[in-house]
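Results of the structural survey
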Amino acid sequence: MGAKFAQFQSEDETQRTYTIFYNAALILNLVMDITLQTFLSYQQMVGVGAHVSDGRLLGSLSSFQEIFESYPIQKSVGKLLYVYCWPCTFLVPFMAEPFVAWLLPYFTAQMLVGANKKIRGENAVKAFELGEMEQGRYADIIFNVILVVCIPFISPAYLAWTFGALIVSHIYIYLFDQVKTLRYVVKFNFSGPDVHWLGMQLWAIPCSILAGALVFKANQMSADPHKLGSGFLQGEQLWYSIAAAFALHFVVHQCVLEFVVKPFSSDPGLVDDKTVTYEGAAKLNPATHFSTNPVHCLRSKYILKQNPPQVMYAPGKEHLMKLNPEIGACFQVEAKQLK
């Protein structure tokens, strides 16, 4: 909502801002939820007198590192994170999307159009259209991966199950978006690679978390297996090292994208904007200066008597466009594309 009300000059800027805000909200919710649940679990286990591997009471541990590395906390946080992932985050929202975003609006439009005879023609068609395809899916996918890369910080028993749940859910998401985009969504706006580039930049977050997890696990492997918190790095040294690994990888990731990927990311198949003609562009895009002007379309048909006349562009009705290069109507859907 904030991205829409910001009134950016282009739709790409709106989508970029929406993706950033959406991802930030998801991460903030994750941190607050898991932190609260972990604290409540810790208090509950202290209350029932839970012991750690060396026989001490969990409540007697003084350092945060010892508490976090203890098996009761590792198991509790791992279970909480797995339940948070599957099916609540990985699958349920996407399973509900067809019903909330497709069927509910469809049946609502059906009742409105059937009950109100004034809704006819183009207005009736628009009432049944699905919403425009947004690029917020980047945030959904990146957040799901962020959840998965948090697993190495805890007991690895949930790692295989969480990755399996991620794979299954993302196969469904891919098939769902494939069908939705190609068969049901009337239009979408991907005028540039801005959001895709932002997605590659945001991908540095889960990769950086994984780098921090590598430091954490390496420190655990260097410790005495019979003594908690006895790794090479202890206390603040460990947390600063994890933060440094995160920051270092994040910077390197962005530098690689900027200085290695970007110089080689131009598509050789694209035509230079300075050399493309109006006719060449109009063959690829049905929405032109003429086809989106209703006055010009009426003038073409009733005053100039052009045959065929300029057809008014409507999303989802591109197959009705008539070819007449002499008047600037250069777009036409081929018969094989209608199959």
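Summarised in this report is the structure supplied together with it. (Residues numbered from 1 in each chain as written. Predicted model: local features only at pLDDT ≥ 70, side-chain atom pairs only at ≥ 80, totals over all residues. Heavy atoms only, no water.)

Our next topic: the side chain of Ser-208. With respect to the element layout, Ser-208 can be found in helix 10 (residues 204-221). A distance of 2.6 Å separates a polar atom in the side chain of Ser-208 from the backbone oxygen of Ala-204. Polar contacts involving the side chain of Ser-208 include one to the main-chain amide nitrogen of Phe-250, which spans 3.3 Å. When near neighbours in sequence (up to four residues on either side) are disregarded, Ser-208 contacts Phe-246, His-249 and Phe-250. (Helix = DSSP H or I, 4+ residues; strand = E, 2+ residues; numbered from the N terminus. Polar contact = N/O pair within 3.5 Å; in protein donor to acceptor, adjacent residues only side chain to side chain. Contact = heavy atoms within 4.5 Å.)

A surface patch of nonpolar side chains, about 580 Å² in accessible area, is lined by Phe-99, Val-100, Leu-103, Tyr-106, Phe-107 and Phe-128. Top element by residues in the nonpolar patch is helix 5 (residues 92-115). It accounts for five residues. Relative to the helices and strands, Val-100 is located in helix 5. On the accessibility criterion, Val-100 (55% relative accessible area) is exposed. (Patch = residues over 30% accessible without salt bridge, like charges linked within 9 Å, V, L, I, M, F, W, Y side chains within 5 Å. Areas by Shrake-Rupley, 256 points an atom, 1.4 Å probe, with all protein chains shown as cover. Salt bridge = Lys/Arg side-chain N within 4 Å of Asp/Glu carboxyl O. Buried < 20%, exposed > 50% of the residue type's maximum accessible area, 1.4 Å probe, protein only.)

What follows covers unusual backbone geometry. Cis geometry is adopted by the peptide bond preceding Pro-87, which originates at Trp-86 and carries an omega value of 0°. Along the chain, Pro-87 turns up in helix 4 (residues 71-89). The phi angle at Lys-305 is positive, at roughly 55°, despite the residue not being glycine. Along the polypeptide, Lys-305 turns up in the segment after helix 13 (294-303). The exposure class of Lys-305 is exposed, given its relative accessible area of 59%.

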